[in-house]
Amino acid sequence: MRPVWNKDICINCVACVGMCPVKAIFMRETGLQIDKDLCTSCGTCIRICPVGALEEGGQ
Amino acid sequence: MKYAERWDCIIIGAGPAGSTAAWKLAEKGRSVLLLEKRQEIGVPVRCGEGISKQLLKMIGLEPDSRWISSEMDGAIVYSPSMIELKLGPEIAGPEVGYVIQRDRFDQAIARRAARAGARIEVRCEAVAMSRDGKGWKVRIRDLKGDRTELASTVIAADGFESHVAGWAGMDTALSPGNMDTCIQYEMVGVEVVDRFTEFFLGRKKAPGGYVWCFPKGKDIANVGLGINATMVKDKADPKKYLDMFIENDERFSSGTITEVNGGGVSVSLPLERTVADNFLVIGDAARMIDPLTGGGVYNGCYAAVKAAETLDEALRSGDLSKDGLSPFESRWRDHLEDEMARNYLAKERMIEISDETLDKVVHAISEYDLKEVNTEELLKAIMVKYPEVMEEIAL
């Protein structure tokens, strides 16, 4: 399951960007982007987000 | 500052390390382009905001009330059962410093860089780079669109997110045990200990990490925590732990949260190599954060100064290859790596040891006539009081 980003909860700390083991997450001016081709659905970002702004369930 | 056809150096990331490198290189007359992805340097703050006075001396920045919130004389460490270890000015050593406003501090260093002649562009992101005969072609994106800039060398100073080093073929991936996830509130209406930073230890408060309180004013403080990524069990654990800590301590529970920030911190050994052909990596991107304290500004800026020194010499000699830039490795490692290695081992123990043992460690040190804070002294203190604990924490 890929992460889904909840922008209402996100505090823009980018912990997920740095912790993604395959560097599939980018913080752009438009918001958080998850590269579907790179993402391995490992769940690291979902677990380490300090406020719970990433959830399981992405396509 | 006008454009260069080919920059001596493009620096990616205008945090304290990137801006210090830009400042020191520009001061030597080098053409420097400093890129910052965000529209405002230093924003958002992702930091506890404590710095040592030693840092300012090292980079040559005068203390300035425009970015200093308060001055610190020492630190207080609390064990899981709240045994207190007070490290006053006579022994606190590098803990003596300031709590600052990191956004304004970062901006102050960037201004130094600009005044020294560096060109700074904000809201300007490096999106890719590739080798050309004389260095790098860097693809840059700003509001006007994409363009390419040429550089003899590139310094990656893009922080914990660290995408750029990967473009130069370096692996910056971290295992979960080598990362902490952090959250911090700036609070008003809290009871601080004047001129002291505070650190609260214990698995129930911050598993594998610690809670901090850094006073920014008489009733204002940064209250935050870091948790080792392997110790996170449920979604949003860091926030839950911090809320619980605040609720359970009446010094903080009646306070008001005026700002929330967070971030990731590496608690690892530094990258095995920080040099490639026409390329250097410094600061959080090079995993230079102290793995025990989570502090990164001093180490990053120290490496920045050494990077500028090395690049200037290499530009003069004309050898910008990996070998030509290799003096950078020993220059920063000689000063930082031993302590990082010791603190890495200490952090590994911190994750494993029980609260009971941690109580004994803090108790032993608090009763010992500590002359200064170093590993040898601390181990001696524990040896005297609880020799049986030595085995458990043996480094």
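Structural notes, computed from the coordinates. (Residues numbered from 1 in each chain as written. Chains lettered and ligands numbered in written order. Predicted model: local features only at pLDDT ≥ 70, side-chain atom pairs only at ≥ 80, totals over all residues. Heavy atoms only, no water.)

Moving on to the environment of E329 of chain B. Residue and element names in this part refer to chain B. With respect to the helices and strands, E329 occurs in helix α10 (residues 327–352). Judged by relative accessible area, which is 14%, E329 ranks as buried. Distance in space between the C-alpha atoms of E329 and E272 is 9.4 Å, their sequence separation being 57 residues. E329 has contacts with R273, T274 and V275, leaving out every residue within four places of it along the chain. Only 2.7 Å separates the side chain of E329 from the backbone nitrogen of T274, close enough to count as a polar contact. (Helix = DSSP H or I, 4+ residues; strand = E, 2+ residues; numbered from the N terminus. Buried < 20%, exposed > 50% of the residue type's maximum accessible area, 1.4 Å probe, protein only. Contact = heavy atoms within 4.5 Å. Polar contact = N/O pair within 3.5 Å; in protein donor to acceptor, adjacent residues only side chain to side chain.)

Once that is clear, we can look at the sheet that holds strand β15 (residues 220–228) of chain B. All names here are of chain B. Pairing within the open sheet is mixed, and its seven strands lie in the order β6-β5-β13-β14-β15-β12-β16. Edge positions in the sheet fall to β6 (84–87) and β16 (256–266), since each has one partner strand and no second. For this sheet, the mean angle separating the axes of adjacent strands, direction not counted, is 15°. (Pairing = 2+ DSSP bridges. Axes fitted to C-alpha atoms, helices over the stretch in contact; angles between N-to-C directions.)

Turning our eyes to something else, we now look at the pairing of strand β2 (residues 25–28) of chain A. Residue and element names in this part refer to chain A. Relative to strand β3 (residues 31–34), β2 runs antiparallel, the two being bridged by four bridges. Residue I25 lies in a different strand from β3, and its bridge partner there is I34. The turn linking β2 back onto β3 is made up of two residues.

Residues and elements named next belong to chain B. One pass over the full model with this rule turns up 33 salt bridges over all chains. The partner of K37 in a salt bridge is E161, with the nearest N and O atoms 3.0 Å apart. A residue pair is termed long-range when its members are at least 10 positions apart, and K37 in the loop between β2 (32–35) and β3 (50–52) and E161 in the loop between β11 (145–156) and α5 (164–167) qualify at 124 residues. Taking relative accessible area as the criterion, E161 reaches 12% and is therefore assigned buried. The shortest N-O distance in the salt bridge between K239 and D243 comes to 2.9 Å. With K239 and D243 both in helix α6 (residues 237–247) and four residues apart, the pair spans about one turn of that helix. A residue is classified by how much of its surface remains accessible, and D243, at 27% relative accessible area, is partly exposed. A network of salt bridges, in which partner residues are shared, links R119, E121, D142, R147 and E149. (Salt bridge = Lys/Arg side-chain N within 4 Å of Asp/Glu carboxyl O.)

The next thing to look at is helix α1 (residues 16–27) of chain B. Residue and element names in this part refer to chain B. Between its terminal C-alpha atoms α1 stretches 16 Å, which fits the 16 Å expected from twelve residues at 1.5 Å a residue. Most of α1 is tucked away: eleven of the twelve residues are buried. Within α1, the full set of buried residues consists of P16, A17, G18, S19, T20, A21, A22, W23, K24, L25 and A26. The inward-facing, buried residues of α1 contact β1 (7–12), β2, α2 (53–59), α4 (102–115), β11 and α8 (297–317). Downstream of α1 by one or two residues, G29 has phi in the positive range, about 90°. (Expected span 1.5 Å × (residues − 1).)

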